[in-house]
Amino acid sequence: MSLFSSDNALLQVHGVTKYYGSRIGCKNVSFDLWPGEVLAIVGESGSGKTTLLNCMSTHLAPTAGAIEYRMRDGSMRNLYQLSEAERRLLMRTDWGFVHQNAADGLRMTVSAGANVGERLMAVGDRHYGRIRETANDWLGRVEITSDRIDDDPRSFSGGMRQRLQIARNLVTQPRLVFMDEPTGGLDVSVQARLLDLLRRLVSELGLSVVIVTHDLAVARLLSHRIMVMRQGHVIETGLTDQVLDDPREPYTQLLVSSILQV
Amino acid sequence: MTYAPQTPSESAYNFAYLDEQTKRMIRRALLKGIAIPGYQVPFASREMPMPYGWGTGGVQVTASIIGKDDCLKMIDQGSDDTTNAVSLRGFFKKTAGVATTFETADASIIQTRHRIPEKPLREDQVIVFQVPIPEPLRFLEPRETETRKMHGLEDYGLMHVKLYEDIAKNGHIATTYAYPVKVNGRYVMDPSPTPKFDNPKIDRMPALQLYGAGREQRVYAVPPYTDVKSLDFEDYPFEVQSFDKPCGLCSAEGVYLDEVILDDHGGRMFVCSDTNHCEERRAQGLTGPMAAAPTAAQLSDGNEPKPETRT
Amino acid sequence: MPVRLYLNAVGKTFTMHLQGGTQIPVVSNVEFSVSAGECVVLGGPSGAGKSSILKMIYGNYRCDTGQILVTIADDIVNIAGAEPRRVLVLRQNTIGYVSQFLRVIPRVSALEVVAEPLVVQGSSEAVALDEARTLLARLNVPERLWGLPPATFSGGEQQRVNIARGFIGRYPLLLLDEPTASLDAANRRVVVQLVEEKKTAGVAILGILHDQDVRDEIADRILDVTNYRADAA
């Protein structure tokens, strides 16, 4: 698998601005995301990174600007001009969204197998045996043993829930996955396992990822490129190790120097 | 079903209780429902002189379509003489003064709670269902805003999640009543809490089906001869319940049976849920293995009111 | 031999905003080239900016002024100012970097860690693993460790895993950042051999090597970085 073999951007963000009343959510953000690229958006709480993520993932309409996505047929479409049906199909086939709180991304009252199988059923798979086989395969890939396939995620630990959420998202082989603090709130050892799993899956599947995190170690491990946000503005962007090893902006230097060294 | 206002038997009320404006409003909703089979049409449900859960939706639908020449059959779980059926029949006798019957074949309107008669219905009949919860997606997606969008976009994967869960937990689809169906290849519909045994009857049924949910303020409809398909998986196809014994009283097979407890020593029997069907067969001299048992005899003709005659 | 790397008027200054915006000049007017099959070693005392130059070439550090030109077949790319994705592709196919410190990836076996760059360059998994085994054996990493993640290895073992990982790829340009520091004599010999093999294969090599013996053996030229001291410019 070769990085960035395509010369066509997968996602193009043009001048995206979101105001909450007179308050800035994010202001004039533009960038391209390439197939197979992992982009980390870092910054402290309230810096606008989640607002930007929600604008990109069509959960929140921007006040100004445009977001274009290259559909599977190769055409570039403005996300906010898609019909609701197209948008939903996109979100459940070509996209994934991994929430910080797994309960927001899972159906807590149905079994792990059904959680993974839901997307398949939504796109018309009507063969129980096949759905279950695929679900089982994906549970294995996120290291959940097959004897848990009929258990509710309510009985899962935080790390397992997060892994289940990832399987649920990846089962339709999406091309773009949004992640909002996917390792937040997990124990450090659980975090490490999850990060490793994500790193593997992302490179195996050649996923493009936009990951929002305040944890620079997560950004370092997973991302190719970093965007640093502060007060709604992108203040610095570049190769991940370049931004972390040679931060230029005062705020980025502060952020990098604030990492605890173990 | 044309109707001209007239003097009902209880003259203080309008014919069939509801005022004419309300009936018109409900008829408009029903027409819309018929035009879009399986689609839940909101309507301004009225307070009825009975509690929610007693068929306020079905009663309003019946009141809106009934005329003085109609003959009404009212059943509750297949039976003409249980509390719900008796009181609702009484309600229409009082407020509309129409003829009522126990005979499926004689009725022009059949209002039902949780069953469809065994005798096939005809084109000149209308069946009205009492519906407690019209939204089949409700238990998986509680947000009404979301379920309406899902219907609008034909986004029904979630229904199969429910069936998947059934198979995963029970080895087969364990949903036995209110079994979801797809109407006319488009809308997923809750056929009201009838046993899934009755689902094949609503597929291409010659009679018009009207569904009313009073508390939830929804009506929906299935026009005659509309395709109604029960949801299933390719490798777990839909099937109805089957009973290994015939009816204890009339020996009928291929009908839906109720279990009846006879005593407190474990004695029990299975009998037709459709009481009218059972009686008709016994009147023809067909008897089941339990028909002679004294406890069963009491059950079959002990406290039963005589069938009413048409007025 | 063709020039593979050319630095032209390269300069770098750190601005420490957390210390009142102090400017720390590192290097300026750096100019040199490295040809295919040549090994150039940067000399000079600690703090002279050797490491910074290497990191600018690899794209770890930004280059403030000048150009860093790398030839790829008939193409010339200026790393200073190249798009991030361009730099990543260069790192995948063109520029290798061998340091003494392994950035440990949890739960990946030493063998896979070593084989990965070759797989990414398009070799089959089998070929890459085979070559990884050869390299680990040459660098005297005990075979019983190959299947284990290197996180628990000793410092020396981790370093040798990293050297193997650095040498496995087919890069036309290789940057060496003290690969032999703290290695024993036998393994230093192996590294010298590996470098010689790369040179023979036409790889352009730029390194920092404090080890006098190793430096004398592999260096074709030694550049004194103090000439590029920013304050001297």
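If you look chain B up in an unreviewed UniProt entry, it shows as Alpha-D-ribose 1-methylphosphonate 5-phosphate C-P lyase from Roseibium hamelinense. In the Catalytic activity (unreviewed entry) part of its UniProt record, chain B is described as follows: "alpha-D-ribose 1-methylphosphonate 5-phosphate + AH2 + S-adenosyl-L-methionine = alpha-D-ribose 1,2-cyclic phosphate 5-phosphate + methane + 5'-deoxyadenosine + L-methionine + A + H(+)".

Named according to an unreviewed UniProt entry, chain A is Putative phosphonate transport system ATP-binding protein originating from Roseibium hamelinense. Regarding chain A, the UniProt comment filed under Sequence similarities (unreviewed entry) reads as follows: "Belongs to the ABC transporter superfamily."

Counting contacts across all two pairs of chains found in contact, the highest total belongs to chains A and C. Considering only C-alpha positions, the minimal separation of the non-contacting chain B and chain C is 33 Å.

Excluding glycine, a negative phi dihedral is what most residues carry, and trans is how most peptide bonds are arranged. The phi torsion at T58 of chain A lies on the positive side, around 65 degrees, for a residue other than glycine. Residue placement: T58 of chain A occurs in the loop between α1 (49–56) and β4 (64–70). In this structure, R204 of chain B takes a positive phi of about 55 degrees despite not being glycine.

Take the pairing of strand β7 (residues 173–177) of chain C next. All names here are of chain C. The buried fraction of β7 amounts to five of the five residues, a majority that puts the element mostly inside the structure. Residue alternation in β7 divides its side chains into two sets, L173, L175 and D177 and L174 and L176, and both sets are buried. With five bridges connecting them, strand β6 (residues 95–99) and β7 associate as parallel partners. Its bridge partner being in β7, S99 is matched across the sheet by D177. In this sheet, strand β8 (residues 204–208) lies alongside β7 in parallel orientation, the contact comprising five bridges. Residue pairing in the sheet places D177 in a bridge with I208 of β8.

So, on to empty space enclosed by the protein. Residue and element names in this part refer to chain A. Throughout the structure, instances matching the rule amount to two cavities of 30 Å³ or more. What lines the largest cavity is V98, I166, L170, V177, M179, L198, L201, V202 and L207. Among the secondary structure elements, those contributing two or more residues to the lining of the largest cavity are α6 (158–170), β7 (176–180) and α7 (188–205). Considering each element in turn, the lining of the largest cavity owes the most residues, three residues, to α7. Residues of the lining of the largest cavity, tallied by class, amount to nine nonpolar, no polar and no charged. The space that makes up the second largest cavity amounts to roughly 30 Å³. Taken together, V38, M179, L198, V202, V209, I211 and L222 form the lining of the second largest cavity. Looking at the lining of the second largest cavity, its residues break down into seven nonpolar, no polar and no charged.

Moving on to the pattern of salt bridges. Enumeration over the complete set of coordinates arrives at 56 salt bridges over all chains. A salt bridge links R88 of chain A to E84 of chain A, with the shortest nitrogen-to-oxygen separation between them at 3.0 Å. Taken together, the residues R88 of chain A and E84 of chain A, both in helix α2 (residues 84–93) and four residues apart, mark about one turn of the helix. The network of salt bridges with common partners includes E84, R87, R88 and R92 of chain A together with E146 and D155 of chain B.

A separate point is the packing of aromatic side chains. All names here are of chain B. A full pass over the atoms with the stated rule returns 18 aromatic pairs over all chains. When the centroid spacing of 4.8 Å and the interplanar angle of 65 degrees are considered together, the rings of Y179 and F238 count as edge-to-face. Taken together, the residues span a long stretch of sequence, with Y179 in the loop between α5 (157–170) and β6 (181–183) and F238 in the loop between β10 (228–230) and β11 (257–261) at a distance of 59 residues. Y179 sits in the buried class, given a relative accessible area of 1%. Summarising the aromatic geometry, the rings of F243 and Y256 are spaced 5.5 Å apart at their centres and angled 80 degrees between planes, so their arrangement reads as edge-to-face.

With 14 residues, helix α5 (residues 128–141) of chain A extends 20 Å between its outermost C-alpha atoms, agreeing within 8% with the 20 Å of an ideal straight helix rising 1.5 Å per residue. Residues of α5 of chain A that are buried in the fold lie against α4 (112–122), α6 and α7 of chain A together with α5 of chain B. The positive-phi residue at the C-terminal boundary of α5 of chain A is E143 of chain A, with phi of around 65 degrees.

Reading the values: the criteria
Residues numbered from 1 in each chain as written. Chains lettered and ligands numbered in written order. Predicted model: local features only at pLDDT ≥ 70, side-chain atom pairs only at ≥ 80, totals over all residues. Heavy atoms only, no water. UniProt positions renumbered as here; feature names shortened; annotations may be inferred. Contact = heavy atoms within 4.5 Å. Helix = DSSP H or I, 4+ residues; strand = E, 2+ residues; numbered from the N terminus. Buried < 20%, exposed > 50% of the residue type's maximum accessible area, 1.4 Å probe, protein only. Pairing = 2+ DSSP bridges. 1 Å grid on protein atoms, 1.4 Å probe; cavity = no way out; pocket = protein on both sides within 12 Å on 5 of 7 lines; lining within 4 Å. Points joined across faces, edges and corners; volume = space filled by probe spheres on them. Nonpolar A, V, L, I, M, F, W, Y, C, P; charged D, E, K, R; others polar. Salt bridge = Lys/Arg side-chain N within 4 Å of Asp/Glu carboxyl O. Phe/Tyr/Trp six-rings, centres within 6.5 Å; stacked < 30°, edge-to-face > 60°. Expected span 1.5 Å × (residues − 1).

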